[in-house]
Amino acid sequence: MKRWLKAQPRFHLHFTLISASWLNMVERFFAEITRNRIRRGAFNSVAELKWAIVRYLENHNAGPQPFVWTKSASQRLENFARANKRRVTTLAQENGLLDAATAASRNA
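As a starting point, this report considers the structure included with it. (Residues numbered from 1 in each chain as written. Predicted model: local features only at pLDDT ≥ 70, side-chain atom pairs only at ≥ 80, totals over all residues. Heavy atoms only, no water.)

### Side note on the overall build of the chain
Scanning the chain for helices and strands turns up five helices and zero strands. Reading the chain from its N terminus to its C terminus gives the helix and strand order α-α-α-α-α. Taken over C-alpha atoms, the radius of gyration comes to 22 Å for the chain, far larger than the 13 Å a tight globule of 108 residues would show. Along the longest, intermediate and shortest principal axes, the C-alpha atoms of the chain span 55 × 45 × 30 Å. (Helix = DSSP H or I, 4+ residues; strand = E, 2+ residues; numbered from the N terminus. Rg over C-alpha atoms; globule rule 2.2 N^0.38 Å.)

### Let's talk about helix α4 (residues 73-94)
With 22 residues, α4 extends 31 Å from end C-alpha to end C-alpha; this agrees with the ideal 32 Å at 1.5 Å per step. At the C-terminal side of α4, Gly 96 shows a positive phi close to 75°. (Expected span 1.5 Å × (residues − 1).)

### Digging into a positive patch on the surface
On the surface, Arg 28, Arg 35, Arg 39 and Arg 40 cluster together to form a positively charged patch. Residue placement: Arg 40 occurs in the loop between α2 (21-38) and α3 (46-62). (Patch = residues over 30% accessible without salt bridge, like charges linked within 9 Å, V, L, I, M, F, W, Y side chains within 5 Å. Areas by Shrake-Rupley, 256 points an atom, 1.4 Å probe, with all protein chains shown as cover. Salt bridge = Lys/Arg side-chain N within 4 Å of Asp/Glu carboxyl O. Lys, Arg positive; Asp, Glu negative; His and termini not counted. Charge placed at Lys NZ, Arg CZ, Asp CG, Glu CD.)

### Description of the environment of Asn 61
As for its placement among the helices and strands, Asn 61 is situated in helix α3. Counting along the chain gives 38 residues from Asn 61 to Leu 23, while the straight-line C-alpha distance between them is 19 Å.

### Quick word on the environment of Gln 8
Structurally, Gln 8 is set in the loop between α1 (2-7) and α2. Exposure remark for Gln 8: the relative accessible area of 28% places this residue in the partly exposed category. When the C-alpha atoms of Gln 8 and Asn 84 are compared, they prove to be 38 Å apart, with 76 residues separating the residues in sequence. (Buried < 20%, exposed > 50% of the residue type's maximum accessible area, 1.4 Å probe, protein only.)

### What about α2?
Because each turn of an α-helix spans 3.6 residues, side chains separated by three or four positions in sequence point in the same direction. Between its first and last C-alpha, α2 extends 25 Å over 18 residues, near the 26 Å set by a 1.5 Å rise per residue. Restricting attention to buried positions, one finds in α2 the residues Leu 23, Glu 32 and Ile 33. Structurally, α2 contributes buried residues whose contacts are with α3. (Contact = heavy atoms within 4.5 Å.)

### Some thoughts on a nonpolar patch on the surface
Among the surface-exposed residues, Met 1, Leu 13 and Phe 15 lie close enough to one another that they form a single nonpolar patch of about 430 Å² accessible area. Tracing the chain through its elements places Met 1 in the segment before α1. Among the residues examined, Met 1 registers a relative accessible area of 68% and is labelled exposed.

### Comments concerning the packing of aromatic side chains
Aromatic ring pairs are described here by two measures, namely the spacing of the ring centres and the angle between the planes. Applying the stated criterion across every chain yields a total of two aromatic pairs. Centroid distance Phe 29 to Phe 30: 6.5 Å. Interplanar angle 70°. Geometry classified as edge-to-face. (Phe/Tyr/Trp six-rings, centres within 6.5 Å; stacked < 30°, edge-to-face > 60°.)

### Some thoughts on the layout of surface pockets
Approximately 270 Å³ is the volume found for the largest pocket. Met 25, Arg 28, Phe 29, Glu 32, His 60, Asn 61, Gly 63, Pro 64, Gln 65, Pro 66 and Phe 67 together form the lining of the largest pocket. Taken together, the elements giving at least two residues each to the lining of the largest pocket come down to α2 and α3. For the lining of the largest pocket, the element with the most residues is α2, which contributes four residues. (1 Å grid on protein atoms, 1.4 Å probe; cavity = no way out; pocket = protein on both sides within 12 Å on 5 of 7 lines; lining within 4 Å. Points joined across faces, edges and corners; volume = space filled by probe spheres on them.)

Any link to function would need more than the numbers given here.
Written out as structure tokens, the structure reads:
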């Protein structure tokens with residue numbers, strides 16, 4: 001992989017956390033543009049698709065609204081801790097380190 005990347009100077013790897021909140025916002029925006037514009041359209045060419053996306057972005061950016069988080073940082077951290085506990089319990093159970101009854105009580 002490193003050799004291929006060295007031979008392809010146009011490509012750069014950028015490592016990001018998959019749980020990064022800004023990445024969730026990007027995914028949310030792409031879902032919104034897909035749902036509200038791309039799926040609703042019929043495009044005869046890539047140029048038409050590009051034009052539709054640009055028009056959508058222009059309309060979207062004409063009335064910007066800040067995103068307001070609905071949960072506090074402590075609530076988000078509590079959710080993360082619960083999810084992590086379930087993940088660890090599941091891995092332990094899958095690897096025979098924990099029986100089903102104990103796993104159920106740990107996830108309760």
